[in-house]
Amino acid sequence: MPTCRRKRVVLTQPSESLLRALKSNPSRDVFYLQQTGEIFETYEAYAARMSFYRLKQFQCEVTGKSGLDYFQALSSERSEAETLHSRFSEPLKPAILKAVQFQVVGRLDHLVESVYERFKDRYYKGEKVLIDLNGIKYYGVVHTVYPPKYSTDVAARDANKPDVDGVEQGTSRPIDNEEPHQIYDDLKTPVKEVNARDDPFLYYYWVLLTELERDKSDKSKGSKPSDGAEMIGSLMEVQCGRMSRDRLSFSKSILRRFIRDCVDRDAAVASPWTVKPAIAQKYGVISSMTEDTRNNVEAIKKGEHDKRKKVWEDKDGPPNKKHKKMTAAQEEKAKAAALKRDREAQEKLDQQRIAREEADRIAAEKKKKKPIRYPTEDLDVRLTDKDLKAGMKLKRPVPTSHALPFNHHSGLFESFLMAWNFMVVYGQPLHISPFTLDEFEHAIKHTDVDMPCSLLAEVHSTLIYNLRTVPFARHSAVLSLLQRKDHLQSDGMEDEEYFGVNTDQLSAAMSDIGNNWERVPLRHSEGREGWEEALIGCLKDHATRENFPRMREILTKLLFAPDPNETPAPHDTSPSSSRAPSPLEPTPPPQRLSAISTPRERYMNLPVHDRIAILSFMVNLAISSKAIHQHMESCEEQLTSLRKEKIEVNRTKKQYLEEMNVLMGEAKEEAVDEDGRMEDPSDMSDVPASDNGSDSGKSKKGTSKSKDLRQKAQLQAHSKQREAARAKQASAKQAMAEHRRLDEEVNKLERRLEAIEREFRKLLGGVRVKPMGKDRFYNRIWWFDGLGSASLVGSGGATQYGAGRVFIQGPSEFDLELMMRRTDDEVPVQIRRLEEEGQEGMLGPGDWAVYSEIDELEQFIAWLNPKGHREIALRQALSKWWIHISAGIRRRMQDLNVHAKLPEARRSARTKIAPDITREPYMMWTNRRAINPT
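Calculation notes
- Counting from 1, residues in each chain are numbered in the order their sequence is written.
- Residues qualify for local features only when their pLDDT is at least 70, as the model is predicted, and side-chain atom pairs are given and counted only at 80 or more; totals for whole chains, interfaces and linings, by contrast, use all residues.
- No hydrogens and no water enter the side-chain calculation; it runs on all heavy atoms of the structure.
- Each helix is a run of DSSP H or I of at least 4 residues and each strand a run of E of at least 2, with the numbering of both proceeding from the N terminus.
- A 1.4 Å probe rolled over the protein chains alone gives each residue an accessible area, and that area as a share of the maximum for its type sets the label: buried under 20%, exposed over 50%, partly exposed in between.
- Whether two residues are in contact is decided by their heavy atoms, any of which lying within 4.5 Å being enough.
- Accessible surface area values rest on a Shrake-Rupley calculation with a 1.4 Å probe, where residue burial reflects the displayed protein chains alone.
- Candidate patch residues must exceed 30% relative accessible area and have no salt bridge, after which like charges are joined if within 9 Å and Val, Leu, Ile, Met, Phe, Trp or Tyr side chains if within 5 Å.
- The rule for a salt bridge is simple: a side-chain nitrogen of Lys or Arg has to be within 4 Å of a carboxyl oxygen of Asp or Glu.
- The pLDDT value tells you how sure the predictor is about a given residue, anywhere from 0 up to 100.
- Here, axes are lines fitted to C-alpha atoms. For helices the fit covers the stretch in contact, and angles between N-to-C directions go from 0 to 180 degrees.
- By the definition adopted for this analysis, an angle is roughly parallel if under 35 degrees, roughly antiparallel if over 145, roughly perpendicular if from 65 to 115, and oblique otherwise.
- UniProt positions are given in the numbering used here, feature names are shortened, and annotations may be inferred rather than shown by experiment.
- The pairing test for Phe, Tyr and Trp rings, Trp by its six-membered ring, is centres within 6.5 Å, and the orientation test on the planes gives stacked under 30 degrees, edge-to-face over 60, and tilted for anything in between.
- Residues are said to line a cavity or pocket when one of their atoms sits within 4 Å of a point; the points come from a 1 Å grid over protein atoms alone, cavities being sets where a 1.4 Å probe fits but cannot get out and pockets being open sets with protein on both sides within 12 Å along at least five of seven lines.
- Grid points are joined across faces, edges and corners, and a volume is the space filled by probe spheres set on the points.
- Any residue outside Ala, Val, Leu, Ile, Met, Phe, Trp, Tyr, Cys, Pro, Asp, Glu, Lys and Arg is labelled polar, Gly included; the first ten of those are nonpolar and the last four are charged.
- Should DSSP find at least two bridges between two strands, the strands are regarded as paired.
- Here a crossing is called left-handed whenever its near helix is offset anticlockwise from the far helix by less than a right angle, and right-handed whenever the offset is clockwise.
- Multiplying one less than the number of residues by 1.5 Å gives the expected span of a helix.

K.L.:
Hey, could you run me through the overall build of the protein chain in this one?
P.N.:
Within the protein chain, the secondary structure is distributed over 31 helices and 18 strands. Within the protein chain, the fraction of its 934 residues that count as buried is 37%. In the protein chain, of all internal contacts separated by at least 6 residues, the share reaching a separation of at least 24 is 75%. Surface exposure of the protein chain reaches about 56600 Å², of which carbon and sulfur atoms provide 52%.

Right, here's the structure in full:
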């Protein structure tokens, strides 16, 4: 059983009201936790228990692994238990379980030690053992066990000796009914005493040798036969001295795990170890105590209680000694002393109580005054007056939800975004070039029959080619419709009609369209001609009413057209209507579709929500294709290579920076030495003239000679200084050149690190798409640019974008429930969301909004509080990619401004010229990765 904080997790029992309802109202709805079998009366209790089980604070009781949730810990225990029971010797299990049943032993280690000492030299029929014959070890199986009474009777043992054929056939003999090793008494009995009654060294065993033990030290690959191989298959009579068990099947650690998994014990003092009922029933262990066993256990319990009681009395009262009879004066004196001791003891207890209360009060004050260590839980952080004065904003800038395409119905934009992201991320295995979200939006809205949209054709054709590799059932859509019709008829109901078309008419219309869709070549050079019919065939073989609920409605719209002679009703909700019906319960419009048409003509009249539903269905199927899985594995391998390259580049960069620091230090030292070196003035001055006029005349000749020598020495010194200066200057130039070279290398490595980060983001998007992070209210922030086959930087360093926006998704239902369960906050979370997000900015589960301008996004980043765990991580992620995020937003705004349709002035009202959509970006898009099928 998994443990939490070193205590076993006890499963919740049904409440009394539920037990009463079982009799009075058996059909009452309850909440059932399948993994544990627990039943709850309310969803709140069920959710609270599930949240508790999901916490990473459980520990596997068998392996000791911690940091797991309850289900991981339970799975780990079951896995280890299966491994343990498969390794442990099966014939030994009943004997050990019988030995530990109802044993009163304090510690499990002591119980294991006692069992191991008793059974290490005792073997049972059917056990797999190791036999040592003159240094050669064999694996064998115990066939017959002879108790000590046969130890001296060789003839009796030989009489019961079976032959090899008998061993294999498992023939029964009288000796097989004798149970050996009758040692199931108290484990506290010394082993010597037990062995004296039933000596294991007097047992004889007939063992069938099955194979040689593999020598791990022998690594030769030759086929030379091993010594002793001729003994394999023979029967040997051995004693326990030559026998042993494999350490993987029997050791103290294995035995401890086996006993701990099979037995249990109450928490009361001196409680006996008992085998779990299911295991006891399986191995034939008696589960009910006999009267003698019960009396022994009760006696042990009583003795333990008396022992503890005596220890307590000896601790509190005076030692038990025989006192002489005291006089009246001595008794009075003893009473006074006892009263004095009691009074002093009471005063001491009062002082301790007061000191303890004072310590608790001081600790509580310290706990209140203890500063919060940041970062912490985001919802625990509140803006102070100091933060507001510093410029931090209380209210988050409101993201816009009306600017999102197809956001008029819940879940429609998310399906649209998922389909676009799939096509862009897996563009390489799908052989399709990236396109922007705006281009995909306009392509979905394209309705001109005379102007085919290349983007629509390429997207559908690529998915059709991919779904050819996904297993499908032929005519699954038709079979699903016919099964629905039969079910309605069996219930006495008429067949359903959608848009005036019944099941038989729809099945007949589908029968001749798209039958060979998996073999039809949709050539890129021919504009993917015929992709509409192939789409019908793909849906016909892949879709059912279960995996595609709107299948019938969409197929009807693709195969039938309204009668041209029939006038539509005023309240028509035809495909041109902007309102999307519910995808689960579509409401048929009043206009009847009675004329059979072709998918090529009808697809352009299909509403956008139907087109998105088709793409979403195909994308969900394509994710399981072999090409996508191989691409994911390739991305994982490339991610591993990039991680290694990043480590190597960082190591080289660090080495270059250290060399640059050394060069800079040497240059500074040389500059200090040059400034400190001063020229000696005595070398530049002459010897002063003597004041004695008579001496000057006599020494004039000598003075001129010494002056010449001094000037010559000065010239030599200056020459050496100039040579040294030139050498130092050359060294400094060389050092600066080396510094510049290293600086260039560091810049190259930094550019490579940036490229690695961009490539890492692309490959990571091919494995799993993760949000940038979450804000304090668990809103998820998404940025989809630069994932998969898309790139952030094009040729020549040009900015590229996919969505060119930052999206916000509302909190999940689980996160919302976590926030609502916070009851200790001074301000409830709902009120705080109104204050900081605003009524129009609050997003629920499944809601989306967007930041399309840089100013809005900068305000949002400024609103993030770095004191919270989630928001500091989100802020760092946005800052890391800010250059590319802002560049993508600017590039998108430029593209929108360039292609904006400005009203033309002074246009004549008589001539109405249709807008030229051929110059629209989505119409000019081409697939450069297309492969023409043969």
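Now that the structure is up, let's keep going.
K.L.:
I tried to follow the side chain of Thr189 on my own but got confused; where do I start?
P.N.:
Here Thr189 lies in the loop between helix H7 (164-169) and helix H8 (191-197). Given the relative accessible area of 18%, Thr189 is considered buried. Once residues within four sequence positions are removed from consideration, Thr189 is found in contact with Arg118 and Val194.

K.L.:
I would appreciate a short explanation of a nonpolar patch on the surface in the present structure.
P.N.:
A surface patch of nonpolar side chains, amounting to about 260 Å² of accessible area, comprises Val30, Tyr32 and Ile39. Relative to the helices and strands, Tyr32 resides in strand E3 (residues 31-33).

K.L.:
How should I be thinking about the confidence of the model for the protein chain in this particular structure?
P.N.:
When pLDDT is low, close inspection of the predicted coordinates is not appropriate. Per-residue pLDDT for the protein chain averages 82, and the proportion of residues at 70 or more is 86%. Throughout residues 569-590 the model reports pLDDT below 50, and contacts reaching past four residues in sequence, or to other chains, amount to 32 contacts.

K.L.:
Please explain the packing of helix H18 (residues 476-490) against helix H20 (residues 531-542) as it appears in this structure.
P.N.:
In a pair of packed helices, the angle between the axes and the distance between the axes together describe the arrangement. Between H18 and H20, whose axes approach to 4 Å, the crossing angle comes to 55°. It follows that H18 is oblique to H20 by the angle criterion. Together, Ser476, Ala477 and Val478 of H18 and Leu539, Lys540, Asp541 and His542 of H20 make up the contact between the two elements.

K.L.:
Help me understand the UniProt feature "coiled-coil region" (unreviewed entry) in the protein chain, please; the structure alone is not making it clear to me.
P.N.:
Under the present numbering, the feature "coiled-coil region" (unreviewed entry) in UniProt falls on residues 632-659. Summarising residues 632-659: 100% helix, 0% strand, and an end-to-end C-alpha distance of 41 Å.

K.L.:
I keep staring at the packing of aromatic side chains and nothing clicks. Help me out?
P.N.:
For any pair of aromatic rings, the description rests on two quantities: the centre-to-centre distance and the angle between the ring planes. Tallying each qualifying case throughout the model produces 34 aromatic pairs. Judged by centre distance (5.5 Å) and plane angle (15°), the ring pair of Tyr116 and Phe250 falls under stacked. Of the two residues, Tyr116 sits in helix H5 (residues 108-119) while Phe250 sits in the loop between strand E10 (243-244) and helix H9 (252-262), which places them 134 residues apart along the sequence. With a centroid separation of 5.2 Å and 55° between ring planes, the pair formed by Phe422 and Tyr426 is classed as tilted.

K.L.:
Would you mind going over the layout of surface pockets with me for this structure?
P.N.:
Over the atoms, a rolled probe matching the size of one water molecule traces out where space is still vacant. Empty space within the largest pocket amounts to approximately 990 Å³. Looking at the lining of the largest pocket, the elements that each hand over two or more residues are helix H16 (437-445), helix H30 (882-898) and helix H31 (921-924). Class assignment for the residues of the lining of the largest pocket results in twelve nonpolar, 13 polar and eight charged.

K.L.:
Looking at this structure, I do not really get the sheet that holds strand E5 (residues 58-59). What am I missing?
P.N.:
With antiparallel pairing, three strands are arranged side by side in an open sheet as E2-E1-E5. With one partner strand each, in any of the chains shown, strand E2 (7-8) and E5 form the two edges of the open sheet. As defined by bridge partners, strand E1 (residues 3-4) adjoins E5 across two bridges and the pair is classed as antiparallel. Residue pairing across strands places Thr3 opposite Gln59, the latter belonging to E5.

K.L.:
Please explain the packing of helix H21 (residues 551-559) against helix H23 (residues 608-622) as it appears in this structure.
P.N.:
Where H21 contacts H23, the two axes come as close as 11 Å, and the packing angle between them is 115°. For the crossing formed where H21 meets H23, the hand is left-handed. Residues Ile554, Lys557 and Leu558 of H21 form the contact with H23, whose participating residues are His609, Asp610, Ala613 and Ile614. A per-class count over the contact of H21 with H23 returns four nonpolar, one polar and two charged.

K.L.:
Would you explain helix H14 (residues 412-425) in this entry?
P.N.:
One turn of an α-helix holds 3.6 residues; hence residues three or four places apart share an orientation. A rise of 1.5 Å per residue sets the reference length of H14, with its 14 residues, at 20 Å; its end C-alpha atoms lie 20 Å apart and thus fit the reference within 8%. Here H14 lies mainly inside the structure; eleven of its 14 residues are buried. Leu412, Phe413, Phe416, Leu417, Ala419, Trp420, Asn421, Phe422, Met423, Val424 and Val425 are the residues of H14 that are buried.

K.L.:
Could you clarify how one ought to interpret unusual backbone geometry in this entry?
P.N.:
For residues that are not glycine, phi is negative in most cases, and the peptide bond is trans in most cases. Here the amide bond leading from Tyr374 into Pro375 is cis, since omega sits at -5°, within 30 degrees of zero. Inspection of the secondary structure puts Pro375 in the loop between helix H12 (328-369) and helix H13 (385-389). Positive phi, close to 65°, is recorded for Phe102, a residue that is not glycine. Structurally, Phe102 can be placed in the loop between helix H4 (92-100) and H5. Classification of Phe102 by relative accessible area gives buried; the value is 14%. Even without a glycine there, the phi angle at Arg528 is positive, about 55°. For Arg528, the position within the fold is in the loop between helix H19 (503-510) and H20.

K.L.:
Where do I start with the sheet that holds strand E16 (residues 780-782) in this structure?
P.N.:
Sheets are built from strands that pair by backbone hydrogen bonding, the pairs being arranged parallel or antiparallel. In spatial order, the strands read E15-E16-E17-E18; together these four strands make up an open sheet with antiparallel pairing. In this open sheet, the two edge strands, each paired with only one partner strand, are strand E15 (773-774) and strand E18 (848-851). By the bridge criterion, three bridges tie E16 to strand E17 (residues 806-809) in an arrangement that is antiparallel. Within the sheet, the bridge partner assigned to Trp782 lies in E17 and is Phe807.

K.L.:
What exactly am I supposed to notice about the pairing of strand E8 (residues 204-212) here?
P.N.:
The side chains of a regular strand alternate, first on one face of the sheet and then on the other. Counting buried residues in E8 gives seven out of nine residues, a clear majority hidden from the surface. Relative to E8, strand E7 (residues 136-146) runs antiparallel, the two sharing eight bridges. Its bridge partner lying in E8, Tyr146 is registered against Tyr204. Here four bridges tie E8 to strand E9 (residues 235-238), and the two strands are oriented antiparallel to one another. Looking at the pairing, Tyr205 lines up with Val238 of E9.

K.L.:
Help me out: how do you make sense of the pattern of salt bridges in this one?
P.N.:
Where charged atoms of side chains with opposite charge meet at close range, the side chains can pair. Per the counting criterion, the structure on display carries 51 salt bridges. The shortest N-O distance in the salt bridge between Glu377 and Arg870 comes to 2.9 Å. Of this pair, Glu377 sits in the loop between H12 and H13 while Arg870 sits in helix H29 (residues 869-880), and the two are 493 residues apart along the sequence. Notably, a salt bridge pairs Glu458 with Arg528, separated by 2.9 Å at the nearest N-O pair. With a gap of 70 residues between them, Glu458 in helix H17 (residues 454-467) and Arg528 in the loop between H19 and H20 connect regions that are remote in the sequence. Of the residues examined, Glu458 reaches a relative accessible area of 2% and is grouped as buried. Taking relative accessible area as the criterion, Arg528 reaches 4% and is therefore assigned buried. Because the salt bridges share partners, they merge into one network encompassing Arg396, Asp775, Arg833 and Glu837.

K.L.:
What is the right way to read the pairing of strand E6 (residues 128-133) from this model?
P.N.:
In terms of strand pairing, E6 meets E7 through six bridges, oriented antiparallel. Bridge assignment links Ile131 to a residue of E7, and that residue is Tyr138. Where E6 lies against E10, two bridges are found, and the strand directions are antiparallel. Bridged to Ile131 within E10 is Met243.

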